[in-house]
Amino acid sequence: MVGARRHSDTDHNGHEAVFRRRFWVCLALSIPVLFWSTTIQGWFSYTAPTFTGSGLIVPVLASLVFVYGGLPFVRMARSEIISRAPAMMTLIALAISVAYVFSMATLVWNLGDDFFWELVTLIVIMLLGHWLEMRSVRQASGSLNALADLLPDAAEVVLADGTTTERRSDQLQQGDVVLVRPGASVPADGVVIEGGSQVDESMITGESRPVDKSIDDDVVAGTINSGSGSLRIRIAATGDDTALAGIMRLVAEAESSKSGTQLLADRAASLLFYAAVLAAAITAIVWGFVIGSPSTDVIARVVTVLVIACPHALGLAVPLVVANTTQIAASNGTLIRSRQAIDTAKDLDIIAMDKTGTLTEGTIGVTAVATTPGLTDDQLLAAAAAIEADSEHPLAKAVRASAAERGLIVPRVEEFEILKGRGVQATIDGARVAVGGPQLLDSLQAEVPAELVEFAEAAGRRAESVIYLVRDGAPVGALALADVIREDSYRAVRSLHDRGVDVAMLTGDSNEVAAAVADELGIDRYFAQVLPADKDQHVQELQRGGRKVGMVGDGVNDAPALTRADIGIAIGSGTDVAVQSADLVLVKSNPLDIVRILKLSAASYRKQLQNIWWGAGYNVVMIPLAAGVLAPLGVVVAPAIGAVLMSVSTVIVAANAQLLRRVDLDD
């Protein structure tokens, strides 16, 4: 995985380094060109010193700038021309090539003022723009790239005789057992087989609170053992199969994908290319044959039209916004696999969610407690947890987890006994205490207090399981257990409704469970007892009438539905098939991030359109002016003025893209 990461980083950082180096070199070469330019001297009323060979400074240095800084754009334009799809690079190459050829021609023939200073200005600005774009995209994924740096270079491998040996992390194999001491990083994805501690997973989940890890718990490469205990971990995935490798692939895919607005900008550039060529032809015909202007003036006007057509602002309109969007999304816990998805998320009409693991925690938890007089909730939980201490039943684990969350001291038990099919019992402080379901009460023929009967009936209506605590043959308390609804699910559903988005739920659970969760959260529509193979059919059903559906899921079973939906949104760390089938990934597994996606999508799309309109609008206005449409009224755009206005438009587009960072995604 480290190798894959470095390859990705080298490619991206390499491109940034190339543009950065070319920019600084060309900027240094352009300063003398500007200083000795007759146009600049006329503007600022100064005379540059002359000496033998000073007349060659401008053309020689401008030629170096064209070759070193401009030819890369010409090469990129070549691929557009070969594919018969002229766009951004073609316009840039056309502008700088025409400016260079015309300027060199002025050295031989009297064609008027040269375009050398405009030429170097165009190239330097375009190099700067591309450098800034590459840097912005790199910074957007920089926090994720840094995750891989957390991987240790070596790991302690536990041998068959119990001793350890040091081995390079990239040489670990599936099935190896490694020892992760306090303060050390986990070298690869795996499962805890011995020990217990706390693990800092903030670099993966964004949550600062360490997570308790014990036997059978999964751990992810790059996370840190921040507790006081050691962990022995059996390696389950290495290299490109780890969660970090998956995340890095998602970032690379996001960087290389093009959104709908990016394609719109390319189409606008393509139209501007044809418009510029047509305008140049019309300019030549009108001024050369209709009006009969001197050939030198005609050539100057044609060149001015083609130079002004260079789409500085349009070229940066979308990339800068997308780079900021990617960075903002990543900092808020969302990885963008498809740029088009983040553009169209604002248009979703329905958000369909898988229940287990998405709206709920995906694990059984204690949802409510009821006791009889003389017994507190904490006493009930502590006693139940003590008796269930050695059980691996999911309900027993939930009871122990609830007691641990409250920090309860679990009493000591004696004479532990399993009541087959009914529950368990033990002696606590001399009293015989049992824990079990309705079967336990039936076997004891115990009379259940009214308050516990009412509690159980209410839990049943919510499709929750109930277990009882019986002391010396008398029921004294009850616990309701169910798949716990995430706290953020309530706010997420309300916020989606506030935005006019309906919420649907898909689950394989019974109709009673689905109805209870839907009613609790205020979900508009639910599908219960859904087989994994049928989830995508329900997504199709929701799409009827042209409605746009976003599907949110977390498991392999959700992959077909994620693919079928207009936008697939995966919840989880990015390691399973569901993530590979999704367009967006919620790293923090927080349903509220869905709302943030919709807000960011709308804000990003607005900024991109604003920049496209500004970038294209500048060219639409300036090309006719450069062609001399208003010349009869005395309005003539000099090449120098056009170049200055071009630079101003670029600055405006860049500044507008930065304003996206002011959008509050939590309001």
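Given the structure is predicted, the values throughout are model-derived calculations rather than measurements.

What counts and what doesn't
Residues numbered from 1 in each chain as written. Predicted model: local features only at pLDDT ≥ 70, side-chain atom pairs only at ≥ 80, totals over all residues. Heavy atoms only, no water. pLDDT = per-residue confidence, 0-100. Contact = heavy atoms within 4.5 Å. Helix = DSSP H or I, 4+ residues; strand = E, 2+ residues; numbered from the N terminus. Expected span 1.5 Å × (residues − 1). Buried < 20%, exposed > 50% of the residue type's maximum accessible area, 1.4 Å probe, protein only. Pairing = 2+ DSSP bridges. Patch = residues over 30% accessible without salt bridge, like charges linked within 9 Å, V, L, I, M, F, W, Y side chains within 5 Å. Areas by Shrake-Rupley, 256 points an atom, 1.4 Å probe, with all protein chains shown as cover. Salt bridge = Lys/Arg side-chain N within 4 Å of Asp/Glu carboxyl O. Axes fitted to C-alpha atoms, helices over the stretch in contact; angles between N-to-C directions. Parallel < 35°, antiparallel > 145°, perpendicular 65-115°, else oblique. Left-handed = near helix turned anticlockwise from the far one by under 90°. Phe/Tyr/Trp six-rings, centres within 6.5 Å; stacked < 30°, edge-to-face > 60°. Lys NZ or Arg CZ within 6 Å of the ring centre and 35° of its normal. Arc of directions from axis to C-beta.

**Some remarks on the confidence of the model for the protein chain**
Piece 1. The share of residues in the protein chain with pLDDT of 70 or more is 82%, and the mean pLDDT across the chain is 80.
Piece 2. Confidence drops under a pLDDT of 50 for residues 573-577, and excluding neighbours within four residues, the segment shows 13 contacts in the predicted structure.

**Some remarks on helix α4 (residues 88-106)**
Piece 1. Between its terminal C-alpha atoms α4 stretches 28 Å, which fits the 27 Å expected from 19 residues at 1.5 Å a residue.
Piece 2. Of all 19 residues in α4, 15 are buried; the element is thus mostly enclosed.

**A few points about the pairing of strand β20 (residues 549-553)**
Piece 1. Of all the five residues making up β20, five are buried; the element is thus mostly covered by neighbouring parts of the structure.
Piece 2. Along β20, one buried face is formed by Val549, Met551 and Gly553 and the opposite face, lined by Gly550 and Val552, is buried too.
Piece 3. Pairing analysis gives four bridges linking strand β11 (residues 350-354) to β20, with the strands arranged parallel. Within β20, the residue paired with Met353 across the bridge is Val552.

**Examining a nonpolar patch on the surface**
Piece 1. A grouping of Leu278, Ile282, Ile285, Val286, Phe289, Val290 and Ile291 is seen on the molecular surface, where their side chains present a nonpolar patch of about 720 Å² in accessible area.
Piece 2. With respect to the helices and strands, the residue Phe289 is situated in helix α8 (residues 260-290).
Piece 3. On the accessibility criterion, Phe289 (71% relative accessible area) is exposed.

**Some details on the sheet that holds strand β4 (residues 189-195)**
Piece 1. Strand order in the open sheet formed by six strands is β2-β1-β3-β9-β4-β7, and the pairing between neighbours is antiparallel. Looking along the sheet, the strands with just one partner apiece sit at the ends: β2 (164-168) and β7 (218-219).
Piece 2. Pairing of β4 with strand β9 (residues 231-237), which is carried by six bridges, proceeds in the antiparallel orientation. Paired with Gly190 across the strands is Ile235, a residue of β9.

**Examining the environment of Ala330**
Piece 1. Tracing the chain through its elements places Ala330 in helix α10 (residues 312-331).
Piece 2. A relative accessible area of 17% means that Ala330 is categorised as buried.
Piece 3. Considering only alpha carbons, one finds Ala330 and Val585, 255 residues apart in sequence, at a separation of 9.8 Å.

**Some details on the sheet that holds strand β19 (residues 525-527)**
Piece 1. Read across the sheet, seven strands follow the order β10-β22-β21-β20-β11-β18-β19 without closing on themselves; strand pairing throughout is mixed. Each of the sheet's edge strands pairs with one partner strand only, and the pair in question is β10 (334-336) and β19. Strand-to-strand twist in this sheet, taken as the mean axis angle between neighbours without regard to direction, amounts to 20°.
Piece 2. Where β10 meets strand β22 (residues 584-586), three bridges bridge the pair, whose relative direction is antiparallel. Among the inter-strand pairings, Ile336 is bridged to a residue of β22, identified as Leu584.
Piece 3. The strands touched by helix α18 (residues 511-521) within the sheet are β18 (502-506) and β19, with β19 carrying the most contacts at an inclination of about 155°.
Piece 4. Relative to the sheet, helix α22 (residues 592-627) contacts β10, β11, β20, β21 (567-571) and β22, its axis offset from that of β22 by approximately 140°.

**Some points on the packing of helix α3 (residues 57-82) against α4**
Piece 1. The geometry of α3 relative to α4 is characterised by a closest axis approach of 8 Å and an angle of 140° between their N-to-C directions. As judged from the angle between their axes, α3 and α4 are oblique. Crossing angle aside, the handedness with which α3 passes α4 is left-handed. For the pair α3 and α4, the contacting residues are Ser63, Phe66, Gly70, Phe73, Val74, Met76, Ala77, Glu80 and Ile81 in the first and Met88, Met89, Thr90, Ile92, Ala93, Ile96, Ser97, Tyr100 and Met104 in the second.

**Brief notes about the packing of aromatic side chains**
To describe a pair of aromatic rings, you give the distance between the ring centres and the angle between the ring planes.
Piece 1. Summed over the entire model, instances satisfying the criterion amount to five aromatic pairs.
Piece 2. Taking 5.0 Å as the distance between ring centres and 85° as the angle between the ring planes, the aromatic pair formed by Phe35 and Trp36 counts as edge-to-face.
Piece 3. Look at Phe35 and you get partly exposed, because its relative accessible area is 35%.
Piece 4. An aromatic cluster of three or more residues is present, and its members are Phe35, Trp36, Tyr46 and Phe51.
Piece 5. Just above the ring of Tyr605 sits the side chain of Lys346; from NZ or CZ to the centre is 3.8 Å.

**Let's talk about the environment of Met126**
Piece 1. Within the secondary structure, Met126 is located in helix α5 (residues 116-148).
Piece 2. According to the relative accessible area criterion, Met126 is buried, its value standing at 4%.
Piece 3. It is 8.7 Å that separates the C-alpha atoms of Met126 and Phe23, two residues lying 103 residues apart in sequence.

**Focus: the side chain of Gln425**
Piece 1. With respect to the helices and strands, Gln425 occurs in strand β14 (residues 423-428).
Piece 2. The exposure class assigned to Gln425 is buried, which follows from its relative accessible area of 17%.
Piece 3. Setting aside anything within four residues of it in sequence, one finds Gln425 in contact with Ile387, Glu415, Phe416, Glu417, Leu419, Arg432, Val433 and Ala434.

**Structural notes on helix α19 (residues 535-543)**
Piece 1. Turning to α19, its buried residues are Lys535, Asp536, His538, Val539, Leu542 and Gln543. Down the axis of α19, the buried side of the element spans an arc of 155°, and every buried residue falls inside it.
Piece 2. The first or second residue beyond α19 is Gly545, which carries a positive phi of 85°.

**So, the pattern of salt bridges**
Piece 1. Throughout the structure, instances matching the rule amount to 14 salt bridges.
Piece 2. For Arg232, the salt bridge goes to Glu194, with nearest N and O atoms at 3.9 Å. In this pair, Arg232 sits in strand β9 while Glu194 sits in strand β4, placing the two residues 38 residues apart along the sequence.
Piece 3. On the basis of relative accessibility, which here comes to 24%, the residue Arg232 falls in the partly exposed class.

**Focus: unusual backbone geometry**
Piece 1. Its identity is not glycine, yet Asp216 carries a phi of approximately 80°, on the positive side.
Piece 2. As for its position among the elements, Asp216 is in the loop between β6 (211-213) and β7.
Piece 3. A relative accessible area of 57% means that Asp216 is categorised as exposed.
Piece 4. With phi around 55°, Asp429 is a residue other than glycine that occupies positive phi space.

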